[in-house]
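Overview (structure and organization)
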Amino acid sequence: MSAEVDRRLTSGSAGKVVLSALLAAVVFVLLWWPGLLERAEFGLRDRIIGLLVEEQPSKLLILEIDSASIEALGHWPWPRSVFASAINALGESDIRSLMVDVDFSATSSLGGDTELEEAIRSISEKVPTFLPVFVQRRSQTESDLMIRRPLSGLAESVELVSVNMYPEEDGLVRFLSVGFRWQDRFYRGAWNAMAGQADTGTWIDYTISPESFRYVSFIDLLEGRVPDRVLEGRDVIIGSTAIELGDNLATPVHHVLPGAVIQALGAQTLRNGGLYAVAPAAGIGVFALFWLGATLVFSRTGWQRGLQVLVVMIAAWLGVFTLVHVEARLLLDVFKPLFLSVLVYVAINLARLDSATLDRLWLQISLRDNEALLDRIVATTNDYILCVDRNGVITKANQSIQTLCGRSEGQMQNTLLSECLPDARHGLMALPTIPFDTHLLTRTGEQIPVQATVSRVHTSAEAIFTVVLRDLRERVERERELEYRATYDSLTGLLNRSAFFDRINGSLRLHQHGCLICLDIDYFREVNHTYGHAAGDQLLKAVAERIEAYVGNLGQCARIGGDGFALWLPGLRFAAGGCQFCEHLLENLESKLTLDITGDIPLQISATAGVSEFDGPETAVDHASHGGSATQAEILLRQAMDAMRLGKLEGVGVRCYSQNDSQAAMRRLELVPAIRTHISNDAFHLVYQPKLDLQTLVPMGCEALLRWPQNAGEVVPVTQFIEVAENSRQIVPLTRWVVETLLAQEAEWQKKGRPRNMALNLSACLFQDRNFIAGLKDLLSSSSGYFNIECEITETALLGNEDRALALVSELVDSGATLAIDDFGTGYSSLAYLQSLRASVLKIDKSFVSHIQESPGNQVIVRSTLNMAHELGMTVVAEGVETIEDEQFLRAHGCDLAQGYLYARPLALPDLDNWLAARESKGGQPLGYNTYC
């Protein structure tokens, strides 16, 4: 009886096992048949293949249409002649084959189709050449297909190959077809053509690294930077790799790849023997074997032994998949058989359990999962968590706070919370119920700013409190950094402008006197241009360190922008030590310094200081006259900067602002609208100073000089209103007025037979304005041709932006104007620089000419200048000839022309006519009408 019961139980159990295995097979089929397992299959397969990726030897070379090439050529699409040039270059490099993956199905609007046809025809006679065809929908809304072929002239001498690629259900390209047939013609795949195969598609072997191929930029080939040895014997694919051209497809393992790279992978796969999947029938046979084997094994083993067998089966099958893929070039299903085995294992072991056991198992799993989840959250959170009992004793600490405090959980347990959180010394109930800022004390005694939140956890047992701490060090540091940035200059560490003003305004309440000094580095822009901005930054920091060390505790230092610095020295008067302080400071700054970026070359700078003085509240400047919102500190800085600017103009190192400067500043402001009005009213007038041939004393020309209107009721020096015009951007219309006025007088000058050589002065500012130079060329081209226009510029006028200014000067000279170097000898230009100006005339400054007999040094300078200029083929004009002795010296040493008060001051037109008539009648000499340039 007992044996019969055992037999029936065993039979019933075996029946449940077989039924459960069949049920697992049914579930597998229901998932496999509609393709629900494909994504998992592809995912596992891709991960395994990703571990096998390696570079392989390959003869394939990809000529990239990359972003660098598009940027270098400046536009896209390119003219077909660009591709023709590249193909011709390839034809000369002994390549093995050529695939051009570019759409040439329509005539190019940019031209070059003929050159491309000739290049394609030429290279196809040497090597196999392929052009792409592809099938696509006629439009997004139509399902009809159309084929795109290259132009007939291109297709005659090449093989047309398919470049259509079709992604799998997951959107990734894995398989390349053998090609397609269209209207009784078969087009094989580009990868088949490059591999020399025509009858088979292939799965792409993604164990081949894209780095296996050689990559050459299109622009490098065009510009001849690719040696022939790089191209020799290569199969070349011309294709796009630039992201902006959109020829990219998603792939497994390598993510997104350009189409040309996928073609290369397909060709290399076929050259390696291809990669093929097993037949569906064979795949079903593999599933059946796995199901049968799993059923037999798991039905005879317990769940623990079965789990070990399952792990062995998984490892073995992964090894088989890898071996077959590498050696036999076959793709097996890797996930599906293993998934089927897992289903059989789970089904058989579940069939052995009764309902009560299942309930207990599920409850244990749920509890364990929840506990693991909570422990994981507490352990990995960035917050610092402590569990504390009602007496303030720590019972639990997560890993974060253990690390922060430098103590293990065992060391923290059973200790008082107040040992690490001093604010808890009066008990938990005394702590705020909302988040509050406090300090955490570490084992080393470091205090860390934290935000604390105390909460009570309601349990059936004794009350538990959680203390959650959040590290505030980053926030505190960020606040300090923001405060620092709001107060100090980030480069030099000195006060910034806003903080500087606050310190001054606060100091003014305590001191009755003080000096504000504004410093500006001379020629700082040249340092930037010569050595680079990194050197400029190093120089600014070095200057700041010297200023700060020199000032010490005497006052405040600030960087107020660019190369400008400011100092506030409370209690100091300019006349009682302030001037000496500035002079000694400038001497300190002018000592040599060496920057890292300039190497062993020492750098020596100079600076200019402007000073404004505060002399008590009773002498404070009226704010209304400087803008109602300006503070006293802002007004003092404005005055110091004005004094510094005037110091630069006057050539002095230290200058103090005075009441006269204030009046001069107001005067300059008044001149701005006056200049604009006088230009509009045609109120300015010109005077002319003659130039004479020193050998014959015949007048050869004049220099046109601008003068303030005589009827304006005032006399404004020309240097003053020219400076205002330059700074108020009115120098362009003012110069245009001069040129237009001269050209309007040209016919009258010709009629009266006045000298035709006419010189006019051009400001340095004009050579930074391309539009003005273009307008000046247009004006000069409208001349009747009587005037020989000579444009005078100073020798240092173009320094600062030489390349641009020299280009504009060349344009002006090319238009027919003559260039003269004015005030020569007062600057520091080199002979190479002078020669690059293409000047024909050199004017020696009057400071070297006037009373030259009294200055042996000036005589040497003038003789040297004459020799140099004549060697360069230049005509020399001497300015400021005032005595017969000056004239005799210049004539004796071969000077060409002279100009000065010895002959005539600048004259209005009627006076000029009288002077010319008197000179002609007195000397009986004709006027000179020949040119000297």
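Criteria and thresholds
- Residues numbered from 1 in each chain as written.
- Predicted model: local features only at pLDDT ≥ 70, side-chain atom pairs only at ≥ 80, totals over all residues.
- Heavy atoms only, no water.
- Helix = DSSP H or I, 4+ residues; strand = E, 2+ residues; numbered from the N terminus.
- Buried < 20%, exposed > 50% of the residue type's maximum accessible area, 1.4 Å probe, protein only.
- Contact = heavy atoms within 4.5 Å.
- Areas by Shrake-Rupley, 256 points an atom, 1.4 Å probe, with all protein chains shown as cover.
- 1 Å grid on protein atoms, 1.4 Å probe; cavity = no way out; pocket = protein on both sides within 12 Å on 5 of 7 lines; lining within 4 Å.
- Points joined across faces, edges and corners; volume = space filled by probe spheres on them.
- Patch = residues over 30% accessible without salt bridge, like charges linked within 9 Å, V, L, I, M, F, W, Y side chains within 5 Å.
- Salt bridge = Lys/Arg side-chain N within 4 Å of Asp/Glu carboxyl O.
- Lys, Arg positive; Asp, Glu negative; His and termini not counted.
- Charge placed at Lys NZ, Arg CZ, Asp CG, Glu CD.
- Phe/Tyr/Trp six-rings, centres within 6.5 Å; stacked < 30°, edge-to-face > 60°.
- Lys NZ or Arg CZ within 6 Å of the ring centre and 35° of its normal.

The protein goes by EAL domain-containing protein in an unreviewed UniProt entry, where it is assigned to Marinobacter aromaticivorans.

**A look at the overall build of the protein**
Of regular secondary structure, the protein possesses 32 helices and 33 strands. Here the protein, with 933 residues, has 47% of them falling under the buried criterion. The long-range fraction of contacts in the protein, counting pairs at least 24 apart against all pairs at least 6 apart in sequence, stands at 69%. About 47,100 Å² of surface is accessible on the protein, with carbon and sulfur atoms providing 53% of the total.

**Details of empty space enclosed by the protein**
Gaps left between atoms show up when a probe the size of a water molecule is rolled over them. All chains considered together, the criterion is met by three cavities of 30 Å³ or more. Each pocket or cavity is described by its volume, and for the largest cavity that value is around 80 Å³. What lines the largest cavity is simply Arg 45, Asp 46, Ile 49, Arg 174, Trp 203, Ile 204, Tyr 206, Pro 252, Val 253, Leu 275 and Leu 331. Considering every element that reaches the lining of the largest cavity, the biggest residue donor is helix 2 (residues 38-51), with three residues.

**Describing a negative patch on the surface**
The grouping of Glu 92, Asp 94, Asp 228 and Glu 232 at the surface amounts to a negative patch. Here Glu 92 shows up in the loop between helix 4 (80-91) and strand 2 (97-100). Residue Glu 92 is classed as exposed on the basis of its relative accessible area of 66%.

**Remarks on the packing of aromatic side chains**
Pairs of aromatic rings are described using the distance from one ring centre to the other and the angle between the two planes. Within this structure, the stated rule accounts for 24 aromatic pairs. For the pair Trp 32 and Trp 33, a centre-to-centre distance of 5.9 Å together with 75° between the ring planes defines the contact as edge-to-face. On the basis of relative accessibility, which here comes to 22%, the residue Trp 32 falls in the partly exposed class. Its relative accessible area of 69% is what places Trp 33 among the exposed residues. Joined through ring pairs, the aromatic side chains of Phe 28, Trp 32, Trp 33, Phe 287, Phe 335 and Phe 339 make up one cluster. The ring of Phe 42 carries Arg 174 above its face, with NZ or CZ at 3.9 Å from the centroid. Its guanidinium or amino end placed over the ring of Trp 749, Arg 754 lies 5.1 Å from that ring's centre, counting from NZ or CZ.

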